[in-house]
Amino acid sequence: MEAKSYGTSSALLVDSQIRQHNSPICDKPYRIACDNLPSSEYDDDNPPVYVDCRKYFVFLQLLYWVAGLISGGALFLISKWKPTFGIRFQTRNCVLHEADVVVIHRKEGGKGVERLQALAPNGRRNNRLLLFEHRHSRYLYDMTTDKFVRCADLSQNATIAHLFQLSKRRKPPLRVEDEFVYGSNNIDVKVKSYFALLVDEVLSPFYLFQVFAIGLWCIEEYFYYAACIFVVSFISVISTLLETRRNAEKLHRMATFSARVKRLHIAQEITSASTSSVIVEDVCATSLLPGDLIEIEESTEMPCDAVIMQGGCLVNESMLTGESVPVTKTSLTNDATEASQIYCPNVHKAHTLFRGTHVMQNRTPVVRALVVRIGFNTSKGQLVRSILYPKGTRFGFYEDGLKFLLVLAFFALGGFIYSVIILHERGATPGKMVLRGLDLITTVVPPALPVAMTIGTIYALNRLKKAKIFCISPPRVNVAGKIKLFCFDKTGTLTEDGLHLCNLVCISRDGRFEDTISPTLDESKSSELSLLGACASCHSLAVLKQPKRIMTLESIYETRGNGSLLHRPSTSPAFNDNDEDNNGVYSSRESTPLIEDVSDRVTVASGHLMPSQHLVGDPLEMQLFDTTGWRLSEPGDAEHAYVPSIAAPYTYVHPKDEHGIAFNLSENRNQLPHASPNTDSDFAKDRLEAWANNGFGGRFKPWKEKIASGLAVLKHYTFSSHNQRMSVLVGACLGAGAKDDGEVREGPVFSYIKGAPERIIKLCNPHSIPADFSQRLQSYTSQGLRVLAVAGRHVPGTWSEAKTLTRDVIEKDLHLLGLAVFENRVKPRTASTIAKLSNAEIRTVMITGDNILTACSVGKSCGMVDPRSIVLQAFTVERTDVKWRRCFDSEFVHRDLALETDRLGQHSVAEFENVMHLGHLKPSIDISPEKQTPSDFCIPMLDNEDSSSANGLDSEVPVYELVLERADHGNKAVFPAGVEADGLKYVRFTKLAGKLPASRWRKRNHPQDEQVSIAISGAELATLRQHCFQDYQRLIVTCTIFARMSPDQKTQLIEDLIDLGYCVGMCGDGANDCGALKAAHVGVSLSEAEASVAAPFTSTVADIDCVETLIREGRCALVTSFSCFKFMALYSFIEFTSVMIVYWIDSNLGDFQYLYVDLFVILSLAVTMGRTGPYVALAKKRPPGSLVTPVIITSLLLQIGIHMIFQAGALLYLKQQTWFVPLQPSTSGDNIECFENTVIFLVSNFQYVWVSLAFSIAKPFRAPLYTNISYIIIVCALLGFNTFLTLHPSGWFANVLELMYLPSMSFRLWLLAIAVGNFLISYLLEQLIVTTSTFQGIIRAIRRKRQYKNKYKDLAKDIITSNWIRSRVAERVNTS
């Protein structure tokens, strides 16, 4: 569907007479398919797939209400739990134009019901707009495709040229259709009333079961127990209700935004030959629609997602990325080469303002933006939607818990039948049989089981919070315990945030490199290209204005007109120290603090001090700008009053002494020189007044104009990972001295570009590249240094003519100016954390946007790559490429190539165009010899601009293959056989039935001790994924370094690793890695914010040791959840066994016996046993991730059998005593006080404690048990009290618990001995048998596993047994 926009509605109408059935899913007349937008833009992992149209019938609705009343509200209750049930009762299937509601079927399961909304334009009933809103996403019916399509706004399928056309259109006469399609610009999070929340909570299955149980216990006269459970449940309901309400209110406050904005309209549509005035409307932000043009004001919060069409501003995006450093936003450009591009907020984020971000200041007097997304479609709306409907973790722990509850319910049904049969034989009344049977059901299904399953996660979250790790998705804590592979970004994650400028390498006139750290420029030759000009102008820095510092003019000087400026005492400064806007989080170019001391304030007379500049932006660009010693001036600030008139509309950079008396930059501040007899004091006062008034008082021209060497930035293309470069178009300002009255005129125009060397040299003239460029670049990158290439060219024409040129023109035939070399130091704790993960057999991978050799060097420094291993660099080349020669050919290679050829031959060209490729990348570059770069060293990179113009593939599809080249200095033709990639060394191969054990075939195929590490660039990876998918899968299983990866490539790689069966974690910053962090099972963002939308986990401590902490806590939480679950399951079975035994003699447990067991024993043990913290080190072994594994099921069955045997044995031993008197049942009571009841109760009390101790697994996942002080105290108290009851079963406690006195001390001691023996067998069975590798091997042998569960293991085995790595090793052939 075409992207709709305000003023250009293209919504398709529904014709009741026309119905197309061209969708394969529409096999029924009432079923309509749904089409969704790309998931990269709208994060929804469970979108609608199709809908069923249904119509209400009055008769069915009346029948529904009658049936609901007859059923006592049960029908209404089921409809509340499952809305589709009630809808199907009241409606029938129908065609679309008759439908009232739609039943939605989602992709990952689940259904929903939504009312169909209709709008008849101009009263036409036959042609209507139809849509429904599901999970705050609106779906509009498209008659041409016969589908419901998610409403597309200007972030989908809208070209840049179309956006500029919309910004110049007049106000449309009607907005009704657009308002209907897009809805209100409001993120409305409903906050339910306390009564509604109470009803929802009480009507949940858990509390309904509690209400049923409490009523049953009251009928059976368990009043004390029922009262206590009611109080506990009531407190739980109230606490849950308050917490839910508090979270809802917090989310509502975060989401709700109400403000007035200025909406702009053109009075008359602008054409090439006309101009028009602008009409300004002050409207509510909720009425905005896509296509509205608004004016951006300073110190405001963005009410929508909008793209800047004019001007620029400084924005704080910490709400989105967690990064507190302000971001510079510039206007969208409408060049001829970019006009046809599709606008995408992620690709053009340097020009996009996102909802919820704070506009700190405008960089230009006027900033205008076009609304592209509103409401829940905005970035902030997607955040709120992800909180309301969290993405599923696909982790089976909780699903297994529900399955186990069904098993318990099955046992409860069996117990009900057993009790009815036994009591019937005892002559009990039907009422008593039913009550006892229902009572047994409440015993088997423990109501606290769901709480016990989450207790480990709750404690883990508290410990993580103390470690400065914050979580917005608690279920992912358990998932962290199953991590098998962890990916890391490099810059700011493995290495320090800031880059340290090591060297600026200039290129001399004779084409040689010259090392310098402070480039200089001869002002007499300002019309020449220079590295200095590039460093001074090619950046996105901005001046952070501080308007609160500037006070009234009267506080700056006291008198005027007497020929001199009077000195203002320092006790009355001209700058305000109470600056609320600056909290110390912004980077400063100068070494002075944001709040200057007295020496830096403005004074008058001797030594006039001007405020120092505070620049914000990329620290890398700040260092480059610092080397120039220049100064930055932006339109609208005070300093801009002194720039030449021709540069007034532009950002202007200039040397510190350019304007003589206007500026004289000292070390840390600006200083006006002393007034001289030749200077006019009134003139100086006027200039100072203009400075104090932010430069709006007029423009002043220095009277002694030297040759100006400043540069005006005419055009600016911000850096993007998609292009891997940024560029500017600048005009030099030239002064002619006194002969032209000191006027400054337009000088030559230059374009400056900086970016990745591999990308920049493709744009340069080969003659400008030094002969030793490859060797120089390799020497830097192999040391782990980051290198930027700087280039430029002279652009012919005047300023106005140059501004009309497109980007591809100004970036063509460049002259290489030099290299900027930065050191990116590895963080001190990085290597130790990588070593801990490696020792735990967790594979680590680097995914970075930096150079591949730099990444390899950092990988060796941090231990991710073994310094002794052979480093192989992967390339994707055509099979017929003569520049490569295989070192070791094999049948394996030809077999794979034949498979790839067959696979390609089976696809048509049209089908091949639709092959999934990495992110949004275009087809691969041509790396044939004639299109290689001048340097053999340079890594082929994906040329997005060149490939984006390709509309399809050639009729003869080339066949590609993977080659591996040694990147070290070893002999490329000498490669030992049987080496294994370090990505495979942690793969565990279980024994398959009928197959050799992995130890035998792995050693046979891997006899060498050497390891190899594979590295690949993003461009090669994209080509490999598109053309050689089998090798692509093998590569990502073995590769360690992924370099030059774009954000979309990172996300795609994470998803592909997950598809192979890995449980993947990702650690990076919240800006460029946002997509990968969300795609991973566990995403950790290193950010200063406590929580952001970037990732489920946020660490405010910028070190990767938080990863090791998180995995330890995840394993601890997972094992704790398993232990608590097993404990609660065994508790229910033990109590179930006790009740069945006493039912056999027509007895039952007493009121206070139930109360003591459930509240004092079980609750205290369940709460405290989960407090045990994680083990201090990561173990190689990983905890199980499912409750239905054979080991856990066997453990439960053995434990159930042991405790049943000991209860039955104690009862048999009791009956052998001479003093034993059997119970004589009475029909008038429950027959609680008897010897049988007493013995079973005492033995079972010990069993509850023994089970908790047996399941409290410590090493290797949890800390030793003695570290859990509260649990030890509870266990000792319970054991002491149980021992007291056993040895002295009399007195007040015995009377309350209705225990019989046991006359024989020897029997009591033997009873205690039986309990101790029960503990020893139970504990030893769990610790020495069930958890051992021998027992687990026996279970696997019995299961006879025939294939691996995860696909990556099959690939790893294939790689090892076929010697795949050696077969891919190749070397370059010197074709000269």
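Keep in mind it's a predicted model, so treat the numbers as computed, not measured. (Residues numbered from 1 in each chain as written. Predicted model: local features only at pLDDT ≥ 70, side-chain atom pairs only at ≥ 80, totals over all residues. Heavy atoms only, no water.)

Participant: What is the right way to read the overall build of the chain from this model?
Facilitator: When you go through the chain residue by residue, the secondary structure sums to 43 helices and 46 strands. For the chain, with 1376 residues in total, the buried portion stands at 55%. For the chain, contacts bridging at least 24 residues in sequence account for 77% of all contacts bridging at least 6. Surface exposure of the chain reaches about 57,100 Å², of which carbon and sulfur atoms provide 57%. (Helix = DSSP H or I, 4+ residues; strand = E, 2+ residues; numbered from the N terminus. Buried < 20%, exposed > 50% of the residue type's maximum accessible area, 1.4 Å probe, protein only. Contact = heavy atoms within 4.5 Å. Areas by Shrake-Rupley, 256 points an atom, 1.4 Å probe, with all protein chains shown as cover.)

Participant: Can you walk me through a nonpolar patch on the surface in this structure?
Facilitator: Taken together, Y194, F230, V231, F234, I235, I238 and L242 make up a surface patch of nonpolar side chains, about 660 Å² in accessible area. Of the residues forming the nonpolar patch, the biggest block, 6 residues, is contributed by helix α8 (residues 223–255). (Patch = residues over 30% accessible without salt bridge, like charges linked within 9 Å, V, L, I, M, F, W, Y side chains within 5 Å. Salt bridge = Lys/Arg side-chain N within 4 Å of Asp/Glu carboxyl O.)

Participant: Is there a simple way to think about the packing of aromatic side chains in this case?
Facilitator: Two measures describe an aromatic ring pair: the distance that separates the ring centres and the angle between the ring planes. All told, the structure shown has 32 aromatic pairs when counted by the stated rule. Residues F411 and F1133 carry aromatic rings whose centres are separated by 5.1 Å and whose planes lie at 85 degrees to one another, so their mutual orientation is edge-to-face. Pair noted here: F411 is in helix α12 (residues 397–425) and F1133 is in helix α34 (residues 1105–1144), with a separation of 722 residues, a long-range link. What makes F411 partly exposed here is its relative accessible area of 36%. Using a relative accessible area of 8% as the deciding quantity, one classes F1133 as buried. Measuring from centroid to centroid gives 6.3 Å for F1220 and F1235, while their planes differ by 55 degrees, and the two rings are tilted. Residue F1220 is found in the loop between α36 (1190–1215) and α37 (1235–1254), and its partner F1235 is found in helix α37; the two are separated by 15 residues along the sequence. According to the relative accessible area criterion, F1235 is buried, its value standing at 8%. (Phe/Tyr/Trp six-rings, centres within 6.5 Å; stacked < 30°, edge-to-face > 60°.)

Participant: It is not clear to me how the pairing of strand β5 (residues 101–106) should be interpreted in this structure. Could you clarify?
Facilitator: In regular strands, side chains alternate between the two faces of the sheet. Burial within β5 is extensive, with 6 of its 6 residues counted as buried. Of the two faces of β5, both are covered, the one formed by V101, V103 and H105 as well as the one formed by V102, I104 and R106. Here 6 bridges tie strand β3 (residues 48–56) to β5, and the two strands are oriented antiparallel to one another. Across the sheet, the residue bridging to R54 is V101, located in β5. Direction of pairing for β5 relative to strand β6 (residues 111–115): antiparallel, over a ladder of 5 bridges. (Pairing = 2+ DSSP bridges.)

Participant: Is there a simple way to think about the sheet that holds strand β19 (residues 358–362) in this case?
Facilitator: Backbone hydrogen bonds are what pair the strands of a sheet, in a parallel or an antiparallel way. Strand order in the open sheet formed by 4 strands is β14-β19-β16-β17, with antiparallel pairing between adjacent strands. The two strands at the open ends of the sheet, each matched to only one other strand, are β14 (300–301) and β17 (327–329). Inspection of the sheet shows strand β16 (residues 313–316) paired to β17 by 3 bridges, in the antiparallel sense. The partner of C313 across the bridge, within β17, is K329.

Participant: Looking at this model, I keep getting lost on α34. Mind explaining?
Facilitator: One full turn of an α-helix is made of 3.6 residues, so residues set three or four places apart face in the same direction. With 40 residues, α34 extends 58 Å between its outermost C-alpha atoms, agreeing within 8% with the 58 Å of an ideal straight helix rising 1.5 Å per residue. Buried residues dominate α34, accounting for 39 of its 40 residues. Positive backbone phi, approximately 65 degrees, marks D1146, located one or two places after α34. (Expected span 1.5 Å × (residues − 1).)

Participant: Explanation requested: helix α32 (residues 1047–1059) in the structure shown.
Facilitator: Taking 1.5 Å per residue as the helical rise, α32 with its 13 residues ought to reach 18 Å, and the 19 Å between its terminal C-alpha atoms agrees with that figure. All buried positions along α32 are accounted for by Q1049, K1050, T1051, Q1052, L1053, I1054, D1056 and L1057. Just beyond α32, the residue with positive phi is G1061, at close to 105 degrees.

Participant: Is there a simple way to explain the sheet that holds strand β15 (residues 305–310) in this structure?
Facilitator: Taken in spatial order, the 6 strands line up as β12-β11-β13-β20-β15-β18 in an open sheet, and their pairing is antiparallel. Since the sheet does not close on itself, it has two edges, and those belong to β12 (278–284) and β18 (352–353), each with one partner. Bridge analysis of strand β11 (residues 260–266) against strand β13 (residues 293–295) gives 3 bridges, and the strand direction is antiparallel. By the bridge assignment for β13, L264 is matched with L293. Together, β11, β13, β15 and β20 (368–373) form the strand contacts of helix α4 (residues 160–167), whose direction differs from that of β15 by roughly 80 degrees. (Axes fitted to C-alpha atoms, helices over the stretch in contact; angles between N-to-C directions.)

Participant: Explain the pattern of salt bridges here, please?
Facilitator: Where charged atoms of side chains with opposite charge meet at close range, the side chains can pair. Inspection of the entire model under this criterion finds 33 salt bridges. When the shortest N-O distance is used, the salt bridge between R725 and E811 registers 2.8 Å. Of this pair, R725 sits in strand β32 (residues 725–735) while E811 sits in the loop between α23 (807–810) and β35 (815–823); the two residues are 86 residues apart in sequence, bridging distant segments of the chain. We classify E811 as buried; its relative accessible area is 4%. Where R868 meets D866, a salt bridge forms, and the shortest distance between an N and an O atom there is 3.2 Å. Connected through salt bridges with shared partners, the residues D1031, R1034, D1358 and R1368 form a single ionic network.

Participant: Would you explain the environment of I417 in this entry?
Facilitator: Here I417 shows up in helix α12. The class of I417 is partly exposed, set by a relative accessible area of 44%. Sequence-wise, I417 and M433 are 16 residues apart; in three dimensions their C-alpha atoms are separated by 9.6 Å.

Participant: Is there a simple way to explain the packing of helix α35 (residues 1151–1168) against helix α38 (residues 1269–1287) in this structure?
Facilitator: The packing of two helices is summarised by the inter-axis angle and the distance between the axes. Following both chains from N to C, one finds α35 and α38 inclined at 155 degrees, their axes separated by 8 Å at the closest point. Compared by their axis directions, α35 and α38 come out roughly antiparallel. Crossing of α35 against α38: the hand is left-handed. Contact residues: Y1156, F1160, V1161, S1164, L1165 and T1168 in α35; S1270, Y1271, I1274, V1275, L1278, F1281 and N1282 in α38. Its residues assigned to classes, the contact of α35 with α38 comprises 9 nonpolar, 4 polar and no charged. (Parallel < 35°, antiparallel > 145°, perpendicular 65-115°, else oblique. Left-handed = near helix turned anticlockwise from the far one by under 90°. Nonpolar A, V, L, I, M, F, W, Y, C, P; charged D, E, K, R; others polar.)

Participant: Where do I start with unusual backbone geometry in this structure?
Facilitator: Of note, E1298 is a non-glycine position whose phi angle comes to about 55 degrees, a positive value. Checked against the element boundaries, E1298 lands in the loop between α39 (1292–1296) and α40 (1305–1330).

Participant: When you look at the confidence of the model for the chain in this model, what are you seeing that I'm missing?
Facilitator: For any part of a model where pLDDT is low, the fine detail of the predicted coordinates should not be relied upon. Per-residue confidence for the chain gives a mean pLDDT of 75, with 75% of residues at or over 70. Contacts of residues 547–610 to residues separated by more than four positions or lying in other chains number 134 contacts, the stretch itself having pLDDT below 50. (pLDDT = per-residue confidence, 0-100.)

Participant: How do you make sense of the environment of V1012 when you look at a structure like this?
Facilitator: Relative to the helices and strands, V1012 resides in strand β41 (residues 1011–1017). With relative accessibility at 0%, the residue V1012 sits in the buried group.

Participant: What exactly am I supposed to notice about the side chain of D153 here?
Facilitator: Within the secondary structure, D153 sits in the loop between β10 (147–150) and α4. Buried within the structure, D153 lacks any salt-bridge partner; its nearest side chain of opposite charge belongs to R373, at an N-O separation of 5.3 Å. At 2.5 Å, the side chain of D153 forms a polar contact with the side chain of S155. (Lys, Arg positive; Asp, Glu negative; His and termini not counted. Polar contact = N/O pair within 3.5 Å; in protein donor to acceptor, adjacent residues only side chain to side chain.)

Participant: For this particular structure, what's the right way to read the environment of M1128?
Facilitator: Along the chain, M1128 turns up in helix α34. Using a relative accessible area of 2% as the deciding quantity, one classes M1128 as buried. Sequence-wise, M1128 and V1251 are 123 residues apart; in three dimensions their C-alpha atoms are separated by 9.4 Å.

Participant: Honestly, the pairing of β20 in this entry has me stumped. Any pointers?
Facilitator: Among the 6 residues that make up β20, 5 are buried, leaving the element largely enclosed by the rest of the structure. By the bridge criterion, 3 bridges tie β13 to β20 in an arrangement that is antiparallel. Residue I294 lies in a different strand from β20, and its bridge partner there is A369. Of the pairings in the sheet, the one linking β15 to β20 comprises 5 bridges and is antiparallel in character. Of the residues in β20, the one forming a bridge with Q310 is R368.

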